[in-house]
Amino acid sequence: MKKKIRIRVPELDLKPVNFIFLTLAGIINSFGITVFLSPVNLYDSGISGTSMLLAQITENKISLSVFLLILNIPLFLYELKKQGKAFTVYAIYSVAIYSLGAWLITDVLPIDVANASPFAEHDLLLCSIFGGVISGIGSGLAIKFGGAMDGIEVMAVIFAKRIGISVGTFVMAYNVVLYIICGIITSSWILPLYSVITYFMALKTLDYIVEGLERSKSAIIITTEPKKISKALSDAFECGVTSIEAKGCFSDQPKTMIYFIVNRFQIGKMKNIIHNIDPSAYITISEVADVFSLNNQK
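Definitions and limits used
The numbering scheme is per chain: residues are counted from 1 as the chain's sequence reads. Where local features are concerned, this predicted model is filtered to residues with pLDDT of at least 70; where side-chain atom pairs are given and counted, the filter is 80 or more; whole-chain, interface and lining totals use all residues. Neither water nor hydrogens contribute to the side-chain values; these are computed over all heavy atoms in the structure. Only residues whose relative accessible area exceeds 30% and that form no salt bridge are eligible for patches; like-charged ones are grouped when within 9 Å, while nonpolar side chains (Val, Leu, Ile, Met, Phe, Trp, Tyr) are grouped when within 5 Å. For the accessible areas, the method is Shrake-Rupley and the probe is 1.4 Å, while residue cover comes only from the protein chains on display. Put simply, a salt bridge is a Lys or Arg side-chain nitrogen that is within 4 Å of an Asp or Glu carboxyl oxygen. A helix here means a DSSP run of H or I that spans at least four residues, while a strand means a run of E at least two residues long, and both kinds are numbered starting from the N terminus. When a residue's accessible area, from a 1.4 Å probe over protein chains only, is under 20% of the maximum for its type it is buried; when over 50% it is exposed; and in between it is partly exposed. Each Phe, Tyr or Trp ring, with Trp reduced to its six-membered ring, pairs with another whose centre is within 6.5 Å; inter-plane angles below 30 degrees give stacked pairs, above 60 give edge-to-face pairs, and intermediate values give tilted ones. Look at NZ for Lys and CZ for Arg. If either is within 6 Å of the ring centre and within 35 degrees of the ring normal, a charge sits over the ring. Think of pLDDT as the predictor's per-residue confidence, scored from 0 to 100. To define a nonpolar core, start from buried Ala, Val, Leu, Ile, Met, Phe, Trp, Tyr and Cys residues and group those joined through side-chain atoms within 4.5 Å. Throughout, a contact is declared for two residues whenever any of their heavy atoms are within 4.5 Å. Working definition: a disulfide is two cysteine sulfur atoms within 2.5 Å of each other.

Some points on a nonpolar patch on the surface
Consideration 1: A cluster of nonpolar side chains, namely Met-172, Val-176, Ile-180, Ile-184, Trp-189, Leu-193, Phe-200 and Leu-203, defines an oily patch on the protein surface of about 760 Å² accessible area.
Consideration 2: Among the elements of the structure, helix H8 (167–186) and helix H9 (190–211) are those that each provide at least two residues to the nonpolar patch.
Consideration 3: No other element matches H8, which puts 4 residues into the nonpolar patch.
Consideration 4: Relative to the helices and strands, Phe-200 resides in helix H9.

Description of the pattern of salt bridges
Consideration 1: On inspection of all chains with the given rule, the structure shows 1 salt bridge.
Consideration 2: Measuring nitrogen to oxygen at the nearest pair gives 2.8 Å for the salt bridge that ties Lys-231 to Asp-235. In this pair, Lys-231 and Asp-235 both sit in helix H10 (residues 226–237), 4 residues apart, roughly one turn of the helix.
Consideration 3: We classify Asp-235 as partly exposed; its relative accessible area is 48%.

Focus: the packing of aromatic side chains
Consideration 1: Taken as a whole and judged by the stated rule, the model has 10 aromatic pairs.
Consideration 2: Between Tyr-199 and Phe-200 the ring centres are 5.2 Å apart and the planes differ by 55°, which places this aromatic pair in the tilted class.
Consideration 3: The lysine or arginine in question, Lys-269, covers the ring of Phe-237, its NZ or CZ lying 5.3 Å from the ring centre.

So, the confidence of the model for the protein chain
Consideration 1: On average, residues of the protein chain score 86 in pLDDT, and 91% of them reach the 70 mark or higher.
Consideration 2: Per-element averaging of pLDDT across the protein chain places helix H4 (residues 80–83) at the bottom with 78 and helix H1 (residues 16–37) at the top with 96.

Examining the nonpolar core
Soluble, globular proteins show a tendency: their nonpolar side chains are buried together.
Consideration 1: Grouped together as the largest cluster of nonpolar side chains are 50 residues, with contacts concentrated most on Leu-42, Leu-64, Phe-76, Ile-152 and Met-155.
Consideration 2: When near neighbours in sequence (up to four residues on either side) are disregarded, Leu-42 contacts Leu-37, Met-52, Leu-124, Cys-127, Ser-128, Leu-191, Tyr-194 and Ser-195.
Consideration 3: Grouped together as the second largest cluster of nonpolar side chains are 13 residues, Ala-219, Ile-229, Ile-258 and Phe-260 included.

Considerations on the side chain of Asn-29
Consideration 1: With respect to the helices and strands, Asn-29 occurs in helix H1.
Consideration 2: The buried category is assigned to Asn-29, whose relative accessible area is 1%.
Consideration 3: For Asn-29, the contacting residues outside a window of four places in its chain are Tyr-98, Ser-135, Gly-138, Ser-139 and Met-149.

Let's talk about the state of the cysteines
Consideration 1: All told, the structure shown has 0 disulfides when counted by the stated rule.
Consideration 2: Just so you know, Cys-182 is unpaired, no disulfide at all, and the nearest cysteine sulfur is the one on Cys-127, 16 Å from it.
Consideration 3: On the basis of relative accessibility, which here comes to 0%, the residue Cys-182 falls in the buried class.

Structural notes on the environment of Ile-152
Consideration 1: Within the fold, Ile-152 resides in helix H7 (residues 152–159).
Consideration 2: Looking at Ile-152, the relative accessible area reads 8%, which means it is buried.
Consideration 3: For Ile-152 and Phe-76, which are 76 residues apart along the polypeptide, the C-alpha to C-alpha distance reads 9.9 Å.
Consideration 4: Setting aside residues up to four positions removed in sequence, Ile-152 forms contacts with Gly-46, Ile-47, Phe-170, Val-171 and Tyr-174.

Right under this line is the structure:
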């Protein structure tokens, strides 16, 4: 009897809704790049900016769309084991949609993006701002729904540790070098300097998309009146409060640390409540990137 050979395909936890938003992300990103940046020779950051420069050097004999695929996909595949199969699939899909969108806008759709932006014409400031914001929205949506629009951070993970710097420092250094090369090749520093504006606009927009416009704050309160303060905060804001037993090193007295999450509009009210109960309470406030409950995700 012949033995049946079974090929086991690993299951992927892929969600259809993620693909919907990743499709939207790719379309938005391609619109920002091809309608606002490429027509006036401004550059995006990371691998996307590198692809734009290479397309310009080759006089579009090899298009932006092709360079996006050639440079990004190997990076995502290289980190397959570390980042996971789901991320790799989402990221490659995002870049594929981005590449497809760029090709459709530049070569298929009846939109003239050859020499000027259809919306901002040759205004470099408008193009850099709106190009950065729109591409930041696309990149932010990609990250928020499990993928990535650019392999620069994957590249940073690969090389940063080897040369002894952080991922953030590597990304910044990469972009600085990229813009310097752009300035040397174009014999002008105007476009690279405007591209820096694009980079920071995209970065800030990406943060807002991923982390939300109303970022939460974490407050750590050290007090000798933990029960009164906890009850007052819980009643005022209708949420839970966490207390942690602590000890003052200088006074050698027992104290309690209270951990509490608020938004920026509630900070003043929180301070008033605390100081009305314990004027000597010590408060530190830090920014929180994200707040979620695992129980709510079940």
